[in-house]
Amino acid sequence: MEQTDEKRMPEQTKVIYLAGGCFWGTEHYFKQIAGVVATEVGFANGQTENPTYEEVYTDTTGYAETVMVRYRPEVVPLDFLLRMFFKAIDPTSLNKQGHDEGTRYRTGVYYTEADDVPTIKRVFAEVQAKYSEPLAVELLPLRNFYAAEERHQDYLDKNPDGYCHLPLELFEMARQARPAAV
């Protein structure tokens, strides 16, 4: 018996690109959240084609270390993911997260769907209301994204004792977080 087209269609997913400092920890953090179905670390919104990690590290390419987050919006809505993002960064720190400094470590939310902008702006406004200084988080359309080399993908899974600027408690909080609780 042949399946209907509806049954053959994969579950609806959406994508958002989040720059939260070093992408190793940022990726690991988002992988813990229920409803996130895939992540990929890479470089977003720079000026060269096919940059390498070593090139981006020089801070001359304009790229930010970024994580592509693919998620199921019926399980984890975009506003929830963004609130989780803001829990993992210092949103007033320019080009610095933890001990990592440079333009490649800037924070940003890069979108591919214009329909997401009102939600993103609403969450930005909620966060801004908590600070007297302006947020240093970019809000831009995604211009380009290049995946980082394989050695950087799932880095903290491959290297459990590897460097991470995020506190370990944050990963547990992400595992436990549910949309109604954030």
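Our subject is the structure listed above.
Model, not experiment: these values are computed from the prediction.

### A word on the packing of helix H4 (residues 78–87) against helix H5 (residues 117–128)
No. 1: It is the contact of H4 with H5, at a shortest axis distance of 10 Å, that shows an interaxial angle of 35 degrees. Along this stretch, H4 crosses H5, giving a crossing that reads as right-handed. Across the interface between the two elements, Leu78, Asp79, Leu82, Arg83 and Phe86 from H4 touch Thr119, Ile120, Arg122, Val123, Phe124, Glu126 and Val127 from H5.
No. 2: Its residues assigned to classes, the contact of H4 with H5 shows seven nonpolar, one polar and four charged.

### Some points on the pairing of strand S1 (residues 14–20)
No. 1: Burial analysis of S1 places seven of its seven residues in the buried class, which makes it a mostly covered element.
No. 2: The two faces of S1 match: Lys14, Ile16, Leu18 and Gly20 on one face and Val15, Tyr17 and Ala19 on the other face are all buried.
No. 3: Two elements, S1 and strand S3 (residues 64–71), share five bridges in a ladder whose sense is antiparallel. Looking across to S3, one finds that Ile16 is bridged to Val69.
No. 4: Both S1 and strand S6 (residues 107–111) contribute to a ladder of four bridges, which runs antiparallel. Paired with Gly20 across the strands is Thr107, a residue of S6.

### Looking at unusual backbone geometry
No. 1: Here Asn45, not a glycine, exhibits a phi torsion of approximately 55 degrees, which is positive.
No. 2: Here Asn45 shows up in the loop between strand S2 (36–44) and helix H3 (53–57).
No. 3: A positive phi is found at Asp59, a non-glycine position, where the angle reads about 65 degrees.
No. 4: On the secondary structure map, Asp59 appears in the loop between H3 and S3.
No. 5: Residue classification places Asp59 among the partly exposed positions, given a relative accessible area of 29%.

### Side note on the environment of Leu170
No. 1: Note on placement: Leu170 falls in helix H7 (residues 168–176).
No. 2: Counting along the chain gives 141 residues from Leu170 to Tyr29, while the straight-line C-alpha distance between them is 7.3 Å.
No. 3: Other than its neighbours up to four places away in sequence, Leu170 contacts Tyr29, Lys87 and Ala88.

### Points about the pattern of salt bridges
No. 1: Across all of its chains, the model carries 13 salt bridges by this definition.
No. 2: Residue Glu54 pairs with Arg151 through a salt bridge whose shortest N-O separation is 2.6 Å. Pair noted here: Glu54 is in helix H3 and Arg151 is in the loop between strand S8 (145–147) and helix H6 (155–158), with a separation of 97 residues, a long-range link.
No. 3: When its relative accessible area of 42% is taken as the criterion, Arg151 is described as partly exposed.
No. 4: Between Arg104 and Asp59 there is a salt bridge; the shortest N-O distance is 2.9 Å. Taken together, the residues span a long stretch of sequence, with Arg104 in the loop between strand S5 (100–101) and S6 and Asp59 in the loop between H3 and S3 at a distance of 45 residues.
No. 5: Residues participating in the shared-partner salt-bridge network are Asp79, Arg83, Arg122 and Glu126.

### Structural notes on the sheet that holds S6
Strands belonging to one sheet form pairs held by backbone hydrogen bonds; the direction of such a pair is parallel or antiparallel.
No. 1: Ordered in space as S7-S6-S1-S3-S2-S8, the six strands form an open sheet in which the pairing is mixed. Bordering the open sheet on either side are strand S7 (137–141) and S8, each of which pairs with just one other strand. If you compare each strand with its neighbour and ignore which way they point, the axes differ by 30 degrees on average.
No. 2: Packed on one face of the sheet, helix H2 (residues 23–31) meets S1, S2 and S3 and runs near 165 degrees to S2.
No. 3: Strands S1, S2, S3, S6 and S7 of the sheet are contacted by H4, whose axis makes an angle of about 10 degrees with S1.

What counts, and where the lines are drawn
Residues numbered from 1 in each chain as written. Predicted model: local features only at pLDDT ≥ 70, side-chain atom pairs only at ≥ 80, totals over all residues. Heavy atoms only, no water. Axes fitted to C-alpha atoms, helices over the stretch in contact; angles between N-to-C directions. Helix = DSSP H or I, 4+ residues; strand = E, 2+ residues; numbered from the N terminus. Left-handed = near helix turned anticlockwise from the far one by under 90°. Contact = heavy atoms within 4.5 Å. Nonpolar A, V, L, I, M, F, W, Y, C, P; charged D, E, K, R; others polar. Buried < 20%, exposed > 50% of the residue type's maximum accessible area, 1.4 Å probe, protein only. Pairing = 2+ DSSP bridges. Salt bridge = Lys/Arg side-chain N within 4 Å of Asp/Glu carboxyl O.

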